[in-house]
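Close look at the chain arrangement
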Protein chains: 2
Amino acid sequence: MNPGRPREFNTEQALEAAMQQFWLAGYEATSLQDLLDVMNLSKSSLYHAYGSKHELFLRSIDCYQQTSANELQQSLDNSLTSKAFMKRLLEDVISEATSKKKKGCLLVNTANELSHRDKAVSKAVLNGIDNVANVIKQAIKRGKKEAAIKSTVSTDTLVNYIVSNVSGLRTMVKSGVDKTELTPLVNMIMKTVY
Amino acid sequence: MNPGRPREFNTEQALEAAMQQFWLAGYEATSLQDLLDVMNLSKSSLYHAYGSKHELFLRSIDCYQQTSANELQQSLDNSLTSKAFMKRLLEDVISEATSKKKKGCLLVNTANELSHRDKAVSKAVLNGIDNVANVIKQAIKRGKKEAAIKSTVSTDTLVNYIVSNVSGLRTMVKSGVDKTELTPLVNMIMKTVY
DNA sequence: ACTATTGTGGACTCAACGGTCCTTATTTTC
DNA sequence: GAAAATAAGGACCGTTGAGTCCACAATAGT
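What comes next concerns the included structure.

What counts, and where the lines are drawn
- Residues numbered from 1 in each chain as written.
- Chains lettered and ligands numbered in written order.
- Predicted model: local features only at pLDDT ≥ 70, side-chain atom pairs only at ≥ 80, totals over all residues.
- Heavy atoms only, no water.
- Helix = DSSP H or I, 4+ residues; strand = E, 2+ residues; numbered from the N terminus.
- Buried < 20%, exposed > 50% of the residue type's maximum accessible area, 1.4 Å probe, protein only.
- Near = heavy atom within 4 Å.
- Polar contact = N/O pair within 3.5 Å; in protein donor to acceptor, adjacent residues only side chain to side chain.
- Nonpolar A, V, L, I, M, F, W, Y, C, P; charged D, E, K, R; others polar.
- Contact = heavy atoms within 4.5 Å.
- Buried area = accessible area lost by both parts, 1.4 Å probe.
- Salt bridge = Lys/Arg side-chain N within 4 Å of Asp/Glu carboxyl O.
- Least-squares fit on C-alpha atoms with pLDDT ≥ 70 in both.
- Patch = residues over 30% accessible without salt bridge, like charges linked within 9 Å, V, L, I, M, F, W, Y side chains within 5 Å.
- Areas by Shrake-Rupley, 256 points an atom, 1.4 Å probe, with all protein chains shown as cover.
- Lys, Arg positive; Asp, Glu negative; His and termini not counted.
- Charge placed at Lys NZ, Arg CZ, Asp CG, Glu CD.
- Axes fitted to C-alpha atoms, helices over the stretch in contact; angles between N-to-C directions.
- Parallel < 35°, antiparallel > 145°, perpendicular 65-115°, else oblique.

So, the overall build of chain A
- Broken down by element type, chain A carries 9 helices and 0 strands.
- In chain A, the order of α-helices and β-strands from amino to carboxyl end is α-α-α-α-α-α-α-α-α.
- Along the longest, intermediate and shortest principal axes, the C-alpha atoms of chain A span 60 × 40 × 30 Å.
- Residues counted as buried form 53% of the 194 residues belonging to chain A.

Put into structure tokens, the structure is as follows:
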């Protein structure tokens, strides 16, 4: 029923490699050759397994989004307080300012590069943002329950506030703004919520 | 001393057209042919006048940045209060959410697309952001003088806060987030400063 | 009018792109 | 072990990318 030569590569592992490449360079700037190199497979294998560069990209977004949301969830579960979680989140974002490779966030990058002219991509990004936002929503709810958040602003707006600020910080990091300027900014954002 | 055939096109006008194209589609996604079409000139004329696609892009960024900063300055000069100016600024950003073409801001777009792998571009973007930020700095200073801003946070941090939030809002607009979600966000941002 | 100088149009180059397809290899089922 | 099925390698394809070059056009100074 399902005979035939078995795959010589792990589809999940190869997808992960593709995702890393797209994350690093974006969609347009990543050539098929780049993908073949990092995924370590031949052109026909790639097309056989994933269909096209575009489909592979969509799957990469999904892969990123899932692991991202999972890591965030784990971080939240391991945090003592909502506030501690949020501080860690923001500081992780600006910590990239001192590193050489500023990959940012694949979802933010993609939103800026493609969302406005690729329906399928836009949908995948929005879905990813939604998943990530859900973890943040939990954190906000927890913060309200812990009475750490005194703000009367609605939970949803606070979530959007965090998402917006994370995106903004990411853009500034990518632009090359120095970390010393970003730290007071993080403090200010924290104070407006907690 | 300076004989020869005169140019049949206006270099500033053509540059403006190129800038609009880059603004709409980004650097990579704009082909030379696209540029020739919107600028209405032949390939040799373009290379003669601007050198290369890359140089033309750098000049486009500069063109954008100048007109942008000027418009912002004008808006500030025409505003009754610092607060009114800032509210207009933020609302202008999210007003794009209801329009079809979501061009965003060329500086933010470029920061996300190219800044991390193109030194010259990164420099041009940072310079542009700086010019725009300077207008915002004036607005913040004015807000402090008018005593509309009670925050003890330093002017520079407040400026970065606005820049970061504008970038964040722009990304959300581009992602396709609905305007009804963005309006409360703008209100919240305003309240954290004024 | 002639020359020097600059602008313009378009044919051309060459490399890279995403994608297809055909041959060959490897496995399972019967 | 033959047949069916799937994987892999790589030659191949048409298109498009940015950029070059050359012949021709238009101007200013002499």
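A word on the protein's contact with DNA strand D
- Lining the immediate environment of DNA strand D, one finds 22 residues, of which Glu8(A), Ser44(A), Leu32(B), Lys43(B) and Tyr47(B) sit closest.
- Residue Ser44(A) places a side-chain N or O atom 2.4 Å away from a base nitrogen belonging to DNA strand D.
- Take Lys53(B): an N or O atom from its side chain is 2.9 Å from a phosphate oxygen of DNA strand D.
- Of all the elements in the fold, those that place two or more residues in the surface near DNA strand D are helix H3 (43-50) of chain A together with helix H3 (43-50) of chain B.
- Among the residues forming the surface near DNA strand D, the class breakdown is 7 nonpolar, 9 polar and 6 charged.

Here we look at the interface of chain A and chain B
- Opposite the 38 residues of chain A that make contact, chain B presents 36 residues.
- Here chain A and chain B share an interface that buries about 3100 Å² over both sides, 62% of which is from carbon and sulfur atoms.
- On inspection of chain A and its partner chain B, the count reaches 0 salt bridges.
- Seen at the junction of chain A and chain B, the total is 8 residue pairs in polar contact (both at pLDDT 80 or more).
- Put simply, the parts of the chain that give the side of chain A that touches chain B at least two residues each are helix H1 (11-25), helix H6 (106-113), helix H7 (119-145), helix H8 (155-175) and helix H9 (179-193) of chain A.
- At 14 residues, the largest contribution of residues to the side of chain A that touches chain B is made by H8(A).
- Here the residues of the side of chain A that touches chain B are counted per class, giving 18 nonpolar, 15 polar and 5 charged.

Quick notes on the relation of the copies chain A and chain B
- Once turned by 180° and shifted 0.0 Å along the axis, chain A lies on chain B with an RMSD of 0.1 Å. Taken together, the rotation angle and the small translation identify this as a two-fold axis. When C-alpha distances to the rotation axis are compared across chain A, the minimum falls at Gly168(A), with a value of 2.0 Å.
- The residues that chain A uses at the interface reappear at the interface of chain B in 95% of cases, marking a shared surface.

Some details on a positive patch on the surface
- Judged by side-chain charge, Lys83(A), Lys87(A), Lys150(A) and Lys191(A) come together as a positively charged surface patch.
- Within the secondary structure, Lys150(A) is located in the loop between H7 and H8.

Observations regarding the environment of Ser79(A)
- Along the polypeptide, Ser79(A) turns up in the loop between helix H4 (53-78) and helix H5 (82-95).
- For Ser79(A), the contacting residues outside a window of four places in its chain are Phe85(A), Arg88(A) and Arg142(A).

Remarks on the packing of H5(A) against H7(A)
All names here are of chain A.
- Contact geometry for H5 and H7: axes closest at 8 Å, N-to-C directions at 140°. Between H5 and H7, the crossing angle belongs to the class labelled oblique. Two secondary-structure elements touch here, H5 through Ser82, Phe85, Met86 and Leu89 and H7 through Val135, Ile136, Ala139, Ile140, Arg142 and Gly143.
- Its residues assigned to classes, the contact of H5 with H7 shows 7 nonpolar, 2 polar and 1 charged.

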